[in-house]
Amino acid sequence: MSHEDQRRDVLDRRAFLQRGGIYGAGVLVALHLPRPEAARAAAESTAPVVLSQAEWATLEAATARIIPTDREPGAKEANCVNFIDKALANEDAAAVPLYKGGLPALDGVARTRHGKAFVELTPAEQDAVLGDLEKGAAAEWTIGGQLPSPVFFETLRVHTIVGFLADPSYGGNADYAGWRVAGYPGPRHRRGGFTPDQVEGKAPVVPVWER
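For clarity, every value in this text was computed on a predicted model and none was experimentally measured. (Residues numbered from 1 in each chain as written. Predicted model: local features only at pLDDT ≥ 70, side-chain atom pairs only at ≥ 80, totals over all residues. Heavy atoms only, no water.)

Chemist: How would you sum up the overall build of the chain? Please name residues and give values.
Modeler: When helices and strands are counted, the chain shows 10 helices and 0 strands. Sequence-ordered secondary structure for the chain, helices as α and strands as β, is α-α-α-α-α-α-α-α-α-α. Across the 211 residues in the chain, those meeting the buried criterion constitute 42%. Considering only intrachain contacts with a sequence separation of at least 6, the fraction spanning at least 24 residues in the chain is 64%. Surface exposure of the chain reaches about 10,600 Å², of which carbon and sulfur atoms provide 56%. (Helix = DSSP H or I, 4+ residues; strand = E, 2+ residues; numbered from the N terminus. Buried < 20%, exposed > 50% of the residue type's maximum accessible area, 1.4 Å probe, protein only. Contact = heavy atoms within 4.5 Å. Areas by Shrake-Rupley, 256 points an atom, 1.4 Å probe, with all protein chains shown as cover.)

Chemist: Quick rundown of the packing of aromatic side chains? Include the residues and the values.
Modeler: As enumerated under the stated definition, the model contains 2 aromatic pairs in all. Ring centres of Tyr-99 and Phe-152 lie 6.1 Å apart, and the angle between their planes is 70°; this geometry places the pair in the edge-to-face category. Remark: Phe-152 occurs in helix α8 (residues 149-165) and Tyr-99 occurs in helix α6 (residues 96-114); sequence separation between them is 53 residues. By the burial criterion, Tyr-99 is buried, and Phe-152 matches it. Seen in terms of ring centroids, Trp-141 and Phe-152 are 5.6 Å apart; in terms of plane orientation they differ by 35°. Their pairing is tilted. Here Trp-141, found in the loop between α7 (123-135) and α8, pairs with Phe-152, found in helix α8; they are 11 residues apart in sequence, far enough to count as distant. Residue Trp-141 shares its accessibility class with Phe-152, and that shared class is buried. The structure contains a cluster of three or more aromatic residues connected by ring pairs, namely Tyr-99, Trp-141 and Phe-152. (Phe/Tyr/Trp six-rings, centres within 6.5 Å; stacked < 30°, edge-to-face > 60°.)

Here you go:
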């Protein structure tokens, strides 16, 4: 990949994340909702609490296609699946039935189409399945009467982005993975704001992971 292609790709990923914040009201609201119980639980353990091992693996694979890993970290490195699991165990418990129904249904679509679990599909096959869920075009989705696939996909997408971009003190964004990709240096209000030289561009803004 040429330098220009790499630069364009970084811009595309940042634009995607910024669109999620600007146009997705759910994301915007969720990003500003502290999750003290989920944060505590995520800090204490990375073991599944709500999800089974199989559900955890399916969800981790799905989040990894929503924000894939390339030369920069993606949802897997940010451990978004642990954030979602701990959020479901605490502040977002109302969404547990959605995941308990949606993850097996997602796996069912993969098995009907390809004879394999979702985690065993190629990235292109996984993208095709998720794309059809987003559009409501997966004929193999068997629970549409109870849970339309676009609703499941949108919840999954929002949770993944929140887990990727949330303040690590809220339990997501492991090792500042999302902020590194988005180019966000971290909040300044805890450190007294920006200095006059930083505001005028005369001094660098040191990101939180380098302090």
